[in-house]
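Observations on the three-dimensional arrangement
These are the residues of each chain, in order.
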Amino acid sequence: MATAGKVIKCKAAIAWEPNKPLVIEEVEVDPPQEKEVRIKVVASGLCQSDLYFLLKDMNKHLFPLILGHEAAGIVESVGKEVTEFQPGDKVIPLFISQCRECRFCKNPKTNLCEKGSVGEHDNIANSRITCKGKKVRQFMGTSTFSEYTVVNQIAVAKIDPAAPLEKVCLIGCGISTGFGAAVNVAKVEPGSTCAVFGLGAIGLAAVMGCKAAGAKRIIAVDINPDKAEKAKVLGATDFVNSKDHDKPISQVLTEMTTGGVDYSLECVGNVEVMRSALECCAPGWGVSVIVGYTNLHDITARPIQLMTGRTWKGTLFGGFKGKDGVPKMVKNYLDKKVKLDEFITHNMALDQVNDAIELLKQGKCIRTVLSVSPQ
């Protein structure tokens, strides 16, 4: 492309400080260095994790910051020693890398990578984006609320050229995280009973994953009754609003299932809900997976809950090794084995990002997809 090797001036939504509206600014995006890929970001979903770091964690040393990590785009140019990608490839950036060389990448039991996992955004030395003469941190090593971004090649997955980028961008985080939590991490079995706590995009994707794995009964739990119908479209058999009961939700579910569910998935990021999800599992074999992200509070549980045979585990990105799993999820969508369209409730332009944030804060959307650059 004509821009190869040159600095690109484009627009991005910058968080200059925590808990303040994002500002659309002109930024300068450097050419990719060795083993890097510069991507034209076409579409980006807005995820609760973006809001978590903007509104809850509020660690001031992270700012200024360009958020966004759930996206799809087109390779604009590549740096030296990049052989896996070429300009024009459709790709999804990854917030958990897959170098394929470290002990984690070689171990089938995890999708972590020594060379770049969650926390990559904390290293400003890796940023290739500048605004007003100042380096801007790249959130999770990606920063997809920018028309162009530069990502290490180990954090990029090449996808089917037939894939609609404005749909498959959701595979970059939310859909893979929830679906994989059920299929890869909980390992839901046919005929089982499941409970999913929290019906945002990740929770709804977990419901879809439970159904795909053959669960017989899927109980969707949320305090927003408007989420019930969407959950049933994606496979839920029951909906429970914890506000409708005067007893602990774990007790409600245990009574509903005559002793507890086989699998539970916590998709809220709330430590009290994490405990409830564990407690509603059947003793002896129940498995509870922590899917919702938070790093602000400790979790607690009575030892007897685990001593009686329950398993408590967690997951990032649904256990998917990105370069391997993301293209397969895209193919599953193209083959109509995974739903995406049903998750998208709003489509907006990048300069409407603050409106999208308000919708998500108020629980009025499942996923808003931002049109970042024209294809």
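That block above? That's the structure.
Let us look at the structure shown here. Bear in mind that the values here come from a model prediction, so they are computed numbers and not experimental data.

Quick look at the packing of helix α3 (residues 174-186) against helix α4 (residues 201-212)
Contact geometry of α3 with α4 gives a least axis separation of 7 Å together with a crossing angle of 40 degrees. One element, α3, and the other, α4, form an angle in the oblique class. Crossing handedness for the pair α3 and α4: right-handed. In this structure, α3 contributes G174, I175, T177, G178, F179, A182 and V183 to the contact, and α4 contributes A201, I202, A205, A206, M208, G209, C210 and A212.

Concerning the packing of aromatic side chains
To describe a pair of aromatic rings, one takes the distance between the centres and the angle between the planes. A complete count under the given rule lists six aromatic pairs for this structure. Between F95 and F317 the ring centres are 5.2 Å apart and the planes differ by 70 degrees, which places this aromatic pair in the edge-to-face class. Of this pair, F95 sits in the loop between β6 (90-93) and β7 (129-131) while F317 is found in the loop between β17 (311-314) and α9 (322-334), placing the two residues 222 residues apart along the sequence. For F317, a relative accessible area of 3% translates into the label buried. Their ring planes at 65 degrees and their centres at 6.4 Å tell us that F317 and F320 sit as a pair that is edge-to-face. Overall, the relative accessible area of 12% leaves F320 in the buried class. Counting every residue linked through ring pairs, the aromatic cluster contains Y52, F53, F139 and Y293.

Parameters at a glance
- Residues numbered from 1 in each chain as written.
- Predicted model: local features only at pLDDT ≥ 70, side-chain atom pairs only at ≥ 80, totals over all residues.
- Heavy atoms only, no water.
- Axes fitted to C-alpha atoms, helices over the stretch in contact; angles between N-to-C directions.
- Helix = DSSP H or I, 4+ residues; strand = E, 2+ residues; numbered from the N terminus.
- Parallel < 35°, antiparallel > 145°, perpendicular 65-115°, else oblique.
- Left-handed = near helix turned anticlockwise from the far one by under 90°.
- Contact = heavy atoms within 4.5 Å.
- Phe/Tyr/Trp six-rings, centres within 6.5 Å; stacked < 30°, edge-to-face > 60°.
- Buried < 20%, exposed > 50% of the residue type's maximum accessible area, 1.4 Å probe, protein only.

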